[in-house]
Amino acid sequence: MSSNTTVRTARRRTLRVAAAALIAAAGLSLTACTGSDTAASKPAASAESAAGAQGTDAKVDNKAGKATSPTRTQKLVDGSTAEVYKLGDLHYRLKIVNNGENLATIEAKDGDAGLDANGMYVVLTAGGEVRSWMGGEHQGPGTFKIAGGWTAKVTKVGELHYRAKIIGNDGEAATIEANQKDAGLDANGSSIVLSAGGVISAHA
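Quick caveat: nothing in here was measured; it's all calculated off a predicted structure.

A.B. asks: Is there a simple way to think about the sheet that holds strand β1 (residues 72-75) in this case?
C.D. replies: To summarise the sheet geometry, strands pair through backbone hydrogen bonds and adopt either a parallel or an antiparallel arrangement. The strand order β1-β2-β3-β4 describes an open sheet built from four strands, whose pairing is antiparallel. Since the sheet does not close on itself, it has two edges, and those belong to β1 and β4 (101-109), each with one partner. The average undirected angle you get between the axes of adjacent strands in this sheet is 25°.

Here it is, written out as structure tokens:
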């Protein structure tokens, strides 16, 4: 065999090896692409599974938002209804409802609470008693004679922050603090509300 023939044979073998390598590489590439496509086309969670997850959340939300029946109801002086809920010892919540609409809510925990509801004054005691009245307002700061024979000394502490010292024959009997929200007090049968705007009213 001549040297030229040997060279040609070697070249053919090299070309065959290269072609085989290319085919193998193409095959691996094709397999990788096919695997990727399979993963991408894998179906997501079924509609039933998704609905099941949503159903679980809805049950939790419904349970958390379930309304508790009021312990009792009471008519207020303006014709609306007070729904009283007992939440624990010396802990009550009052909702003012009119025509099915919740107008306001106050809560008394370990102490009395009060509200100035557009000129109707409401006190909820720590024992769950409700009193409502209209009129008898005084705009603080200042010193005023109020129902029940008391004197109220109202001072402004800051923006929407007022304090009232309730003074009787024996001196200072109580202090009411209305800081960003109204406050109320039962003073030996007299009900007193101090609003965050400095208005004080009492009813005996």
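Still to come is the rest of the account.
A.B. asks: I keep staring at the side chain of serine 80 and nothing clicks. Help me out?
C.D. replies: Relative to the helices and strands, serine 80 resides in the loop between β1 and β2 (81-88). Since its relative accessible area comes to 2%, serine 80 is described here as buried. Among the polar contacts made by the side chain of serine 80, one reaches the side chain of aspartate 78 at a distance of 2.5 Å. If sequence neighbours within four positions are ignored, serine 80 has contacts with Gln74, Lys75, Ile96, Val97, Asn98 and Met120.

A.B. asks: How should I be thinking about the pairing of strand β7 (residues 130-134) in this particular structure?
C.D. replies: When a strand is regular, its side chains alternate between the sheet's two faces. Bridge analysis of strand β6 (residues 120-124) against β7 gives five bridges, and the strand direction is antiparallel. In the sheet register, valine 122 faces β7, and the bridge partner there is serine 132. Linkage of β6 to β7, two consecutive antiparallel strands, is achieved through a turn of five residues, within which glycine 128 is found at a positive phi near 90°.

A.B. asks: Would you explain the nonpolar core in this entry?
C.D. replies: What tends to happen in soluble globular proteins is that the nonpolar side chains get buried as a cluster. Core analysis: the largest hydrophobic core is formed by 17 residues, its most contacted members being Ile146, Ile166, Ile176, Ile192, Leu194 and Ile200. Contributions of two or more residues to this core are made by β9 (142-146), β10 (150-158), β11 (161-168), β12 (171-179), β13 (183-187), β14 (190-194) and β15 (199-203). Core analysis: the second largest hydrophobic core is formed by 15 residues, Tyr92, Ala104, Ile106 and Ala113 among them.

A.B. asks: What is the right way to look at the pattern of salt bridges in this model?
C.D. replies: When their charged atoms lie close together, side chains carrying opposite charge are able to pair. A full pass over the atoms with the stated rule returns four salt bridges. Put simply, glutamate 107 and arginine 93 hold a salt bridge, and the shortest N to O gap is 3.0 Å. A residue pair is termed long-range when its members are at least 10 positions apart, and glutamate 107 in strand β4 and arginine 93 in strand β3 (residues 91-98) qualify at 14 residues. Two residues, glutamate 129 and arginine 131, come together in a salt bridge whose shortest N-O distance is 3.1 Å. A residue is classified by how much of its surface remains accessible, and arginine 131, at 22% relative accessible area, is partly exposed. Several salt bridges share partner residues, and in doing so they unite Glu129, Arg131 and Asp186 into one network.

A.B. asks: Would you explain the pairing of β13 in this entry?
C.D. replies: Within β13, four of the five residues are buried, leaving the element largely enclosed by the surrounding structure. Where β13 and β14 come together, five bridges link them in antiparallel fashion. Bridged to aspartate 186 within β14 is serine 191. Hairpin connection of β13 to β14: two residues between the antiparallel strands, including asparagine 188 at a positive phi of 50°.

Rules behind the numbers
- Residues numbered from 1 in each chain as written.
- Predicted model: local features only at pLDDT ≥ 70, side-chain atom pairs only at ≥ 80, totals over all residues.
- Heavy atoms only, no water.
- Pairing = 2+ DSSP bridges.
- Helix = DSSP H or I, 4+ residues; strand = E, 2+ residues; numbered from the N terminus.
- Axes fitted to C-alpha atoms, helices over the stretch in contact; angles between N-to-C directions.
- Buried < 20%, exposed > 50% of the residue type's maximum accessible area, 1.4 Å probe, protein only.
- Polar contact = N/O pair within 3.5 Å; in protein donor to acceptor, adjacent residues only side chain to side chain.
- Contact = heavy atoms within 4.5 Å.
- Core = buried A, V, L, I, M, F, W, Y, C linked by side-chain atoms within 4.5 Å.
- Salt bridge = Lys/Arg side-chain N within 4 Å of Asp/Glu carboxyl O.

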